Amino acid sequence: MSSQRAVAVADAAIAILAERGMRGLTHRAVDEAAGLPPGSTSNHARTRAALLELTLARLAEREEAVFTAAMPADGGMPEGAGDVARLAGLMATTMHAAITVHRETTIARYELALEASRRPELRKVYDEMGRRFREQAVAALAAAGSPDPVRHGRQMVAYVEGLLFDAVVGAGDVPTLEELDAAFRELLRIATGT
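Not measured: the values here are computed from a predicted model.

### With respect to the packing of aromatic side chains
Piece 1. Evaluation of the coordinates by the stated rule reveals two aromatic pairs.
Piece 2. Here the aromatic rings of Y159 and F184 are separated by 5.8 Å at their centres, their planes lie at 85°, and the arrangement is edge-to-face. Separated by 25 residues along the polypeptide, Y159 in helix α8 (residues 149–168) and F184 in helix α9 (residues 177–192) bring together distant segments of the chain.
Piece 3. Over the aromatic face of Y110 sits the side chain of R109, whose NZ or CZ is 5.4 Å from the ring centroid.

Here it is, written out as structure tokens:
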């Protein structure tokens with residue numbers, strides 16, 4: 001983000017999306033939620049499309065921060081089949097945080113995903129954000145020893161997205177960290193053949 005005020009605007013927009021949905025997201029509502037003078041949001045995002053893009057960029061930063069916070073202290077990705085348990089733990093921690101602590105961000109992302117299906121300019125930004133996370137999944141599965149990391153990475157992303165949706169806005173329960181860890185260990189063992 002270019003400035004603290006732009007971050008405040010985007011964070012307020014994320015909170016509004018999670019609380020009120022897309023219909024509640026207006027420049028005025030963002031000004032009020034961020035505690036900014038009227039017109040401040042328009043200074044950073046003149047149009048609704050610009051506001052949505054700013055919000056999506058901040059959302060990507062927040063989701064990346066969740067992933068980074070779950071990374072090992074050495075910053076390295078688990079490598080090799082022997083690290084399947086470590087990678088499963090990393091994935092479980094990240095997923096559990098997205099479902100519980102960062103639930104607002106996850107709900108806002110679903111709102112933006114639906115809006116992106118109707119707005120080609122937002123779809124482009126949303127797809128780019130998704131591409132980065134898919135590449136990380138492929139890299140993680142390659143490091144873990146998957147013989148087909150591209151296919152397995154896509155499957156893992158689909159699984160994660162389904163689990164997130166079910167736990168956050170679907171009818172499913174919120175899985176425990178232990179349940180997530182067990183599920184990811186099982187999936188990673190299948191993907192890596194270990």
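Anyway, onward from the coordinates.
### Thoughts on the nonpolar core
Piece 1. Among the nonpolar cores identified, the biggest contains 27 residues, and L25, V30, L51, L56, L59 and L112 are the most heavily contacted of them.
Piece 2. Only α1 (4–20), α2 (27–34), α4 (48–70), α6 (103–116) and α7 (120–143) provide two or more residues apiece to this core.
Piece 3. For this core, the element with the highest residue contribution is α1, accounting for eight residues.
Piece 4. The contact partners of V30, leaving out residues within four places of it in the chain, are V9, A12, A13, I16, L25, T41 and L51.
Piece 5. Core analysis: the next-biggest nonpolar cluster, separate from the first, contains 25 residues, A70, M95, I107 and A191 among them.

### Considerations on the side chain of S146
Piece 1. Mapped onto the fold, S146 is located in the loop between α7 and α8.
Piece 2. On the basis of relative accessibility, which here comes to 8%, the residue S146 falls in the buried class.
Piece 3. In terms of polar contacts, S146 uses its side chain to reach the backbone amide nitrogen of D148, at 3.1 Å.
Piece 4. Once residues within four sequence positions are removed from consideration, S146 is found in contact with L141, H152, A191 and T192.

### Considering the packing of α6 against α8
Piece 1. Axis separation between α6 and α8 bottoms out at 11 Å; the angle between their running directions is 110°. The angle between the axes of α6 and α8 places the two elements in the roughly perpendicular class. Facing R103, T106, I107, R109 and Y110 of α6, the residues of α8 in contact are E161, L164, F165, A167 and V168.
Piece 2. A per-class count over the contact of α6 with α8 returns six nonpolar, one polar and three charged.

### Thoughts on a negative patch on the surface
Piece 1. Taken together, the side chains of D166, D173, E178 and E179 present a region of like negative charge at the surface.
Piece 2. Mapped onto the secondary structure, D173 falls in the loop between α8 and α9.

### Some points on the side chain of E115
Piece 1. Note on placement: E115 falls in helix α6.
Piece 2. Exposure remark for E115: the relative accessible area of 11% places this residue in the buried category.
Piece 3. Apart from the residues lying within four places of it in its own chain, the contact partners of E115 are M22, L52 and L122.

### Structural notes on the environment of H96
Piece 1. Position of H96 relative to the elements: it lies in helix α5 (residues 84–99).
Piece 2. As a C-alpha pair, H96 and Q155 span 59 residues in sequence and 19 Å in three-dimensional space.
Piece 3. H96 has contacts with V101, P175, T176, L177 and L180, leaving out every residue within four places of it along the chain.

Calculation criteria
- Residues numbered from 1 in each chain as written.
- Predicted model: local features only at pLDDT ≥ 70, side-chain atom pairs only at ≥ 80, totals over all residues.
- Heavy atoms only, no water.
- Phe/Tyr/Trp six-rings, centres within 6.5 Å; stacked < 30°, edge-to-face > 60°.
- Helix = DSSP H or I, 4+ residues; strand = E, 2+ residues; numbered from the N terminus.
- Lys NZ or Arg CZ within 6 Å of the ring centre and 35° of its normal.
- Core = buried A, V, L, I, M, F, W, Y, C linked by side-chain atoms within 4.5 Å.
- Buried < 20%, exposed > 50% of the residue type's maximum accessible area, 1.4 Å probe, protein only.
- Contact = heavy atoms within 4.5 Å.
- Polar contact = N/O pair within 3.5 Å; in protein donor to acceptor, adjacent residues only side chain to side chain.
- Axes fitted to C-alpha atoms, helices over the stretch in contact; angles between N-to-C directions.
- Parallel < 35°, antiparallel > 145°, perpendicular 65-115°, else oblique.
- Nonpolar A, V, L, I, M, F, W, Y, C, P; charged D, E, K, R; others polar.
- Patch = residues over 30% accessible without salt bridge, like charges linked within 9 Å, V, L, I, M, F, W, Y side chains within 5 Å.
- Areas by Shrake-Rupley, 256 points an atom, 1.4 Å probe, with all protein chains shown as cover.
- Salt bridge = Lys/Arg side-chain N within 4 Å of Asp/Glu carboxyl O.
- Lys, Arg positive; Asp, Glu negative; His and termini not counted.
- Charge placed at Lys NZ, Arg CZ, Asp CG, Glu CD.

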